[in-house]
Amino acid sequence: MLVDPRAQGEGASWLLFPAGTALNDVAEVLGRLLAAEEHPDRILLVVGDERVGATSSGYLRTVLGMQPNRGPGDEVRAAAPGESTRFSVIAFRCAVCGSSAYTAFYDDRFRPECRTGDHGPMELR
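Rules used in this analysis
- Counting of residues starts from 1 at the beginning of each chain's written sequence and follows it residue by residue.
- Totals for whole chains, interfaces and linings use all residues, but because this is a predicted model, local features are given only for residues with pLDDT of at least 70 and pairs of side-chain atoms are given and counted only at 80 or more.
- Heavy atoms from the whole structure form the basis of all side-chain values; hydrogens and water molecules are not counted.
- Buried means the residue's accessible area, taken with a 1.4 Å probe over protein chains only, is under 20% of the maximum for its type, while exposed means over 50%, and partly exposed covers the values in between.
- Secondary structure elements follow DSSP: runs of H or I no shorter than four residues count as helices, runs of E no shorter than two count as strands, and numbering proceeds from the N terminus.
- Strand pairing is assigned whenever DSSP identifies at least 2 bridges connecting the two strands.
- In the sections that follow, a salt bridge refers to a side-chain nitrogen of Lys or Arg positioned within 4 Å of a carboxyl oxygen of Asp or Glu.
- Definition used in this section: a nonpolar core is a set of buried Ala, Val, Leu, Ile, Met, Phe, Trp, Tyr and Cys residues joined via side-chain atoms within 4.5 Å.
- Two residues qualify as a contact provided that any one of their heavy atoms is within 4.5 Å of a heavy atom in the partner residue.
- Pairing of N or O atoms within 3.5 Å defines a polar contact, subject to two protein rules: one partner must be a possible hydrogen donor and the other a possible acceptor, and residues neighboring in sequence count only if both atoms are side-chain atoms.
- A fitted line through C-alpha atoms represents every axis, and for helices the fit uses only the stretch in contact; the resulting angles, taken between N-to-C directions, go from 0 to 180 degrees.

Draft legend 1. Seen up close, the pairing of strand 1 (residues 13–17). Within strand 1, 5 of the 5 residues are buried, which leaves it mostly tucked inside the rest of the structure. Burial along strand 1 is two-sided: Ser-13, Leu-15 and Phe-17 and Trp-14 and Leu-16, pointing in opposite directions, are all buried. Sheet topology note: the strand 1/strand 2 (residues 42–47) ladder contains 5 bridges and is parallel. Following the sheet pairing, Ser-13 is matched in strand 2 by Ile-43.

Draft legend 2. Looking closely at the pattern of salt bridges. Applying the stated criterion to the full structure yields 3 salt bridges. A salt bridge links Asp-107 to Arg-109; its shortest N-O distance comes to 2.5 Å. With relative accessibility at 66%, the residue Arg-109 sits in the exposed group.

Draft legend 3. How the structure looks around the nonpolar core. Ranked by internal contacts, the top residues of the largest apolar core, which has 15 residues, are Leu-2, Leu-15, Phe-17, Leu-30, Ile-43, Leu-45 and Leu-60. Elements supplying a minimum of two residues to this core: strand 1, helix 1 (23–35) and strand 2. Among the elements that take part in this core, helix 1 stands out by supplying 6 residues, more than any other. Setting aside residues up to four positions removed in sequence, Leu-45 forms contacts with Leu-2, Val-3, Leu-15, Phe-17, Leu-30, Glu-50, Arg-51, Val-52, Gly-53 and Thr-55. Grouped together as the second largest cluster of nonpolar side chains are 13 residues, Ala-7, Ala-12, Ala-54 and Cys-94 included.

Draft legend 4. Inspection of the side chain of Thr-55 at higher detail. Mapped onto the secondary structure, Thr-55 falls in strand 3 (residues 50–56). Classification of Thr-55 as buried rests on a relative accessible area of 0%. A polar side-chain atom of Thr-55 sits 2.7 Å from the main-chain carbonyl oxygen of Leu-2. Look past the residues within four positions of Thr-55 in its chain and what remains in contact with it is Leu-2, Val-3, Asp-4, Ala-7, Asp-41, Arg-42, Ile-43, Leu-45 and Leu-60.

Draft legend 5. Structural context of the side chain of Ser-100. One can find Ser-100 in strand 5 (residues 100–103). A polar contact is formed between the side chain of Ser-100 and the side chain of Ser-13, at a distance of 2.7 Å.

Draft legend 6. Main features of the sheet that holds strand 1. Here we have 6 strands laid out as an open sheet, ordered 3-2-1-5-4-6, and mixed in their pairing. A single partner strand is all that each edge strand has here, and the edge strands are strand 3 and strand 6 (123–124). Here strand 4 (residues 90–93) runs beside strand 5; their pairing, made up of 4 bridges, is antiparallel. Within strand 5, the residue paired with Arg-93 across the bridge is Ser-100. Along the sheet, helix 1 contacts strand 1, strand 2 and strand 5; its crossing angle with strand 1, the most-contacted strand, is approximately 140 degrees.

Listed below in structure tokens is the structure:
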């Protein structure tokens, strides 16, 4: 349900999850990523070693029922106080070519590797 059938995975930023991650947890992380000031337009979802599929920010906003980011002067909408303590989105970037990947967990042994070339492990942004 989170995969956009029209989104292309080629060149999209990766979002990595450990194997066995529940759909609700993936949706929560995607929501947090979309709420960030800077977020990718297309995301390739990877659970464990499996590339599940690509999605787009427009599709996810519809599926997750999210409003677009608002700017100064826009109507203020109340939200529940605080943030989730279960997940955080961690951004990585290749120091050589600048491609990006995102994870919902951090383990230095499993840092994302650049898929554009033999550039090696990505760095924390």
